[in-house]
Amino acid sequence: MYENRTKEETLVSVSSNLEMGLSEVEARSRLEKNGPNKLKEAEKEKWYQIFWGNIKDPMTLILAIAALISLVLAIINMNRGTEGPEALADVFIIFGVVLVNATIGTVQEMKAEKALEALKQMSAPTATVKRDGELKEIKAEELVVGDIVILEEGRTVPADLRILGSFAMKTDESSLTGESLPVAKDSELVFTEEVGVGDRKNCAYMSTPVVYGRGEGVVVATGMDTEVGKIATMLSQGEDDLTPLQKQLAKLSKFLGYLTIGIVIAMLIVKIIWALVNGNIADTWDNALLDSVALAVAAIPEGLTAVVTIVLAMGMTKMVKVNTIVRRLASVETLGAVSVICSDKTGTLTQNKMTVVRVYHDEKTVKMEDFTAESEGLVAKGMCLCSDAKVEGGVYGDPTEVALVEFAMKLGMPKSKLEEENPRIDELPFDSVRKMMSTMHKQGDGVIEFTKGAMDRVLLHTTKILIGGKVRPITDEDKKNINVAANAMAEDALRVLALAYKEEGEIEEENLTFIGLTGMVDPPREAAKPAVATLKKAGITTIMITGDHKDTAFAIARELGIAESKDQCMSGDQIDACSDEELKERVKTVRVFARVSPENKVSIVKAVKANGHIAAMTGDGVNDAPSLKSADIGIAMGITGTDVAKGAADMVLTDDNFASIEKAVEEGRGIYENIRKTILFLLSSNIGEVVAMFIAAVIGLPSPLIAIHLLWVNLITDSLPAVALGADKKMAGIMDEQPRDPKESLFARGGSLITFGYGILIGLITFVAFLIKPWSEGIFTISGMNTYFSNELYLEEAQSMAFCVLAFSELFHMLGMTNIRKSFVHIFKDFNPLLFISFVLGMGLQLFVIEVPGVNMVFKVYKLSDYPLDYLYVFLLSVSPLLIHEVVALFLFIKKKAAKRG
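The rules behind each value
Residues numbered from 1 in each chain as written. Predicted model: local features only at pLDDT ≥ 70, side-chain atom pairs only at ≥ 80, totals over all residues. Heavy atoms only, no water. Buried < 20%, exposed > 50% of the residue type's maximum accessible area, 1.4 Å probe, protein only. Helix = DSSP H or I, 4+ residues; strand = E, 2+ residues; numbered from the N terminus. Pairing = 2+ DSSP bridges. Salt bridge = Lys/Arg side-chain N within 4 Å of Asp/Glu carboxyl O. Core = buried A, V, L, I, M, F, W, Y, C linked by side-chain atoms within 4.5 Å. Contact = heavy atoms within 4.5 Å. Patch = residues over 30% accessible without salt bridge, like charges linked within 9 Å, V, L, I, M, F, W, Y side chains within 5 Å. Areas by Shrake-Rupley, 256 points an atom, 1.4 Å probe, with all protein chains shown as cover. Lys, Arg positive; Asp, Glu negative; His and termini not counted. Charge placed at Lys NZ, Arg CZ, Asp CG, Glu CD. Axes fitted to C-alpha atoms, helices over the stretch in contact; angles between N-to-C directions. Parallel < 35°, antiparallel > 145°, perpendicular 65-115°, else oblique. Left-handed = near helix turned anticlockwise from the far one by under 90°. Nonpolar A, V, L, I, M, F, W, Y, C, P; charged D, E, K, R; others polar.

J.: Whenever I open this one, the pairing of strand S21 (residues 541-545) confuses me. Can you help?
T.: For a regular strand, side chains alternate in direction, first toward one face of the sheet and then toward the other. The buried count for S21 comes to 4 of 5 residues, which makes it a mostly enclosed element. Note: S21 against strand S23 (residues 592-594), 2 bridges, orientation parallel. Looking at S23, one finds that Met544 is bridged to Val592.

Shown next as structure tokens:
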């Protein structure tokens, strides 16, 4: 609000004095009353709160209850003397799974929130103030409202100030407002209406560096009341939304939790009914509880959390290869669901480097690709010499002047050589009133003065014009041509500077000879345009959000194919005038948002999300941090990005290139499909286990599998192939598809048929394997088989067959799951070594459990090698999922061929 007040009114309102500043007594009193000039810390969740939050997951709770029941039964049986300490194996394994899964979740969530800490580090550590009429250096956190602060080049503004005086002072507000050029400050300005932060040239803001000149101002806001403080407040209030995958896994967890409870209850009822029928309720109760525990273990994919985490971690590695570092593991796959990308302009879509792209001289306009030293040499020389940019290993200084020096360098005229030939002997520095800068140089035995600045101001002091190497008086027609050329550049959002010279007398900006104009802009990155086109083809809309002016933003957006007309542009003040519902409608068609505040950016992201889109937001500045956090996935710039932006983001682009986002989206889609494959694969195994056990219970037979078998299959035999599937290469043409619906179930697109179809098949062949032993003895009746299984040795043999078929069939099922539409032969073409490693290792580990004495005792199985024919039965049953897959793949191939012919 102080931008609307004069300097005098501001001093009165904050009860301060320009000459004396505040007294030490008054400053101490205000500090005690209002607190220090620093940002508050957000209260963080304790590790044990996060850990308990992970334990509360329905699947984890059911496993914990199952472990407790197993523990109670094991202790009872040990006291009875019917079982030894090995009965506790199941208990320890289940509790281990619970703890590991909860720990994995806790570690992921405990990644430090660095955004607020980074904001604090950006604040100036010290400040020069007037206290009791004397200049003093104090800690920035001791500043209070009313302090008079002295600013100079190289210092960081320590609080929000109303400028009281300045000499050519400019501050870099790019990180706060998105303005790509330093902002010249003018203490005499007074605004009569509300203006955005980026336009308040009579104010300076906390954390912005002074890049040129000097000045002084009065503190009008400190700590959390500053513009940076408002951003910190938004960051602390923002909540991290669950990713689409997390939401789907949460739904799956609840579904499996309720399903497990239902199945366990059904199992208990069936067992009790059979006990009542057989008249042995007391003997059956313990077995019923143990079978129910085993069924709970069977229904829950214990390895799911670990496998998904490992696949996401492998995805992080893939992302690094496309110049993307993922900070939050769960965000790896989110890019695959993105339908709208809200991109910052400066540095992401553009090169963040002002560049001379057009020159007007000799009554003609020349484009960058046609520049030559012979033609544009004088313009380049004059602009380069009339600049204060330093050349020390690189070019440093005001971005505009850096562009002019590099313009000359590209034409073979390095500044060092030009200054050696034409040393500077005098100068008139730039100021905001004259809007010009002049330098005088030696030239042979004489001198030459170059003047550059705003075109209208330079023309006011011009009397002659240089055309074709000859000087003549400038005419109205000449000025008209110059204005036409300048307007053409301005329409393309180029920053226009004029150059003039004279060769006699003292340095003064009169009787100048006009040379030409330069038009410069921060040009688009070469890879940005094709990336925007690729994303558009993939059904992803790109929206430009920037602190720059609307004309500049639209010119770049039009060149990149983001926007076609100015009707698709909207400014920050227009956003402020919109209701949430109105903005929700506008974001459906608007493609460029210019002169926006941090609050505007958050509003835009929320409006995009309200329309059902998954929104990605890119940014590099402090002003981008709240919107980066509000987006489904925030993407910060690695090179130009502030620590604040990186701390608030989910991933960081190491090359600051928009084209890397397109590659990361492609990887994200591939990673999601791999995760989906692994989940469907794991669940098919769990369904198979439940089917086999439930069939046995319904018809009154003992369980074909015990808890330790199920835990081994779920944690080891299944997890290895699942991880291998997660390492598969992404499918060709994945960017030709539209973004997936974020609400899409994991079982969509045939997922339920795959899961339940193969699950039932695996369950049936596991149950058949369980029956092979009694069948081979000619026993086919239920009562006969129960009599057969009453012999504990025979029961272990049958359970061993079921255990092996379940484990081996999953390995063969893995080969088919690599691509449900193609023959498994394609895996030899799209080579994934982990598939072969997991297949061989899975076989080896299962044989180790079956064949090694001592180990097979723990698992209560027998050596199949004692009966070689059993291995043949196991193989024939285990390979059936792959055979079914090949039949389905052949059918789909024939159907596709027929459709093409039709």
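Anyway, onward from the coordinates.
J.: I tried to follow the pattern of salt bridges on my own but got confused; where do I start?
T.: Opposite charge on two side chains allows them to pair when their charged atoms are near. Enumeration over the complete set of coordinates arrives at 35 salt bridges. When salt bridges that share partners are traced, they join Glu3, Glu194, Arg200, Glu227 and Lys230 into one network.

J.: Looking at this structure, I do not really get the nonpolar core. What am I missing?
T.: Buried together is how nonpolar side chains tend to be arranged in soluble globular proteins. Within the largest apolar cluster, 141 residues are counted, with the highest numbers of intra-cluster contacts made by Leu335, Ile341, Ile482, Phe514, Leu517 and Phe803. Setting aside residues up to four positions removed in sequence, Leu335 forms contacts with Met319, Ile633, Ile635, Met651, Ala664 and Val665. Of all hydrophobic cores here, the second largest spans 39 residues; its members include Ile575, Phe593, Leu628 and Val644.

J.: So what exactly am I meant to see when it comes to unusual backbone geometry here?
T.: What is expected of a backbone is that most residues other than glycine have negative phi and most peptide bonds are trans. The backbone of Ser15 sits at a positive phi, close to 55°, despite the residue not being glycine. Note on placement: Ser15 falls in the loop between helix H1 (7-13) and helix H2 (24-34).

J.: Looking at this model, I keep getting lost on a positive patch on the surface. Mind explaining?
T.: A contiguous patch of positive charge on the surface is contributed by Arg821, Lys822, Lys895, Lys896, Lys897, Lys900 and Arg901. Turning to its location among the elements, Lys896 is positioned in helix H34 (residues 880-901). Residue classification places Lys896 among the exposed residues on the basis of a relative accessible area of 54%.

J.: Help me out: how do you make sense of the packing of helix H26 (residues 707-717) against helix H30 (residues 792-817) in this one?
T.: What describes two packed helices is the angle between their axes and the distance between those same axes. The interhelical angle for the contact between H26 and H30, taken along N-to-C directions, is 15°, at an axis separation of 11 Å. Our classification of the angle between H26 and H30 gives roughly parallel. The two elements H26 and H30 cross, and the hand of that crossing is right-handed. In this structure, H26 contributes His709, Trp712, Val713 and Thr717 to the contact, and H30 contributes Gln799, Phe803, Leu806, Ala807 and Leu811. Partitioning the contact of H26 with H30 into residue classes produces 6 nonpolar, 3 polar and no charged.

J.: Explain the pairing of strand S11 (residues 364-367) to me, please; I cannot follow it from the model alone.
T.: Sheet analysis places strand S10 (residues 355-361) next to S11, joined by 4 bridges and oriented antiparallel. Residue His361 lies in a different strand from S11, and its bridge partner there is Lys364. Counting the residues between successive antiparallel strands, the hairpin from S10 to S11 contains 2 residues, one of them, Asp362, with a positive phi of roughly 50°.

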